[in-house]
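# Observations on chain architecture
Now for the letters of each chain:
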Amino acid sequence: MTTAVTEVRDVLGRLTDAWNSGDAAAYGRLFTEDADYVTFFGANFPGREAIESSHRALFEGPLKGSKLTGSLGGAAKVRFVRPDVAVAVVGGGSSLTGAEVADEGRESTVSFVLVREGGEWLITAFQNTRVSDPRG
């Protein structure tokens, strides 16, 4: 495994840590200023500030005490479009009760685009897609 893959996976691990500790500021710092976060229901939160504030509302409200399950960083498939642009895709889930296993219906496939800026990797695009049965 290359150093760059390890660095990208580390960012995703820190994203999980920030979520699990309910730290919206730490969560937001992992994104570029002009990042886009597309939720599992299709809403787009453009920009670091919107991503941080929307997650603060979640962490203080309906998702307080929730946990991301799985290993976002450790399990991510990472490929490089260019040496300074990475795409990462990984499955994961969440538990509203803070359990180590995802609640039923809360499994997702998430994709990230990360860029290397100023010597560090930051997320510039994040798409969260809920896993569902296409047959309904």
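These remarks concern the structure in this document. Here the structure is a predicted model, which is why all the values come from computation and not from measurement.

Another point: the pattern of salt bridges. Per the stated rule, a full pass over the model turns up seven salt bridges. Where Glu52 meets Arg56, a salt bridge forms, and the shortest distance between an N and an O atom there is 2.8 Å. Here Glu52 and its partner Arg56 are both found in helix α3 (residues 48-60), four residues apart, which amounts to about one turn of the helix. A salt bridge links Arg82 to Asp84, with the nearest nitrogen and oxygen atoms 3.0 Å apart. Overall, Arg82 belongs to the partly exposed group, its relative accessible area being 47%.

With that settled, the discussion passes to the environment of Gly93. With respect to the helices and strands, the residue Gly93 is situated in strand β5 (residues 85-95). The buried category is assigned to Gly93, whose relative accessible area is 9%. In sequence terms Gly93 and Asp103 are 10 residues apart; their C-alpha atoms lie 7.5 Å from each other. Beyond its immediate stretch of four places on either side in the chain, Gly93 contacts Lys67, Leu68, Thr69, Ala102, Arg106, Glu107 and Ser108.

In an α-helix, one turn spans 3.6 residues; hence positions three or four apart end up facing the same way. End to end, helix α1 (residues 3-20) covers 25 Å across 18 residues, agreeing with the expected 26 Å (1.5 Å per residue, within 8%). Within α1 the residues assigned to the buried category are Val5, Val8, Val11, Leu12, Leu15, Thr16, Ala18 and Trp19. At the exit of α1 stands Gly22, carrying a positive phi of roughly 65°.

This part takes up α3. Between its terminal C-alpha atoms α3 stretches 18 Å, which fits the 18 Å expected from 13 residues at 1.5 Å a residue. For α3, the full list of buried residues reads Arg48, Ile51, Glu52, Ser54, His55 and Phe59. Looking at the buried positions of α3, the neighbouring elements they touch are α1, α2 (24-28), β1 (31-38), β2 (44-46) and β7 (120-130).

Turning our eyes to something else, we now look at the nonpolar core. Among the nonpolar cores identified, the biggest contains 29 residues, and Tyr27, Phe31, Phe112, Ile123 and Phe126 are the most heavily contacted of them. Mapped onto this core, the elements with two or more residues apiece are α1, α2, β1, α3, β5, β6 (107-117) and β7. Beyond its immediate chain neighbours, meaning those up to four positions away, Phe126 contacts Leu15, Tyr27, Phe31, Asp36, Tyr37, Val38, Val110, Ser111 and Phe112.

The next point concerns the pairing of β6. Taken together, the nine bridges between β5 and β6 define a ladder with antiparallel strand orientation. The residue bridging Gly91 from the neighbouring strand is Thr109, located in β6. Relative to β7, β6 is paired through 10 bridges, and the arrangement is antiparallel. In the strand pairing of β7, Val115 is matched with Leu122.

The rules behind the values
- Along each chain, the written sequence defines residue order, and numbers are assigned to residues from 1.
- Selection of residues for local features in this predicted model requires a pLDDT of at least 70, selection of side-chain atom pairs for listing and counting requires 80 or more, and totals for whole chains, interfaces and linings are taken over all residues.
- As a rule here, side-chain values cover all heavy atoms of the structure and leave hydrogens and water aside.
- Any carboxyl oxygen of Asp or Glu within 4 Å of a side-chain nitrogen of Lys or Arg constitutes a salt bridge here.
- Helix and strand labels come from DSSP, where a helix needs a run of H or I of at least four residues and a strand needs a run of E of at least two; each type is numbered from the N terminus.
- Burial classification: accessible surface area is computed with a 1.4 Å probe over protein chains only, and a residue below 20% of its type maximum counts as buried, one above 50% as exposed, and the rest as partly exposed.
- Contacts between residues were defined by any pair of non-hydrogen atoms, one from each residue, lying within 4.5 Å.
- How far a helix is expected to stretch is found by multiplying one less than its residue total by 1.5 Å.
- Among buried residues, the Ala, Val, Leu, Ile, Met, Phe, Trp, Tyr and Cys ones that are joined through side-chain atoms within 4.5 Å form a nonpolar core.
- A pair of strands is treated as paired once DSSP finds two or more bridges between them.

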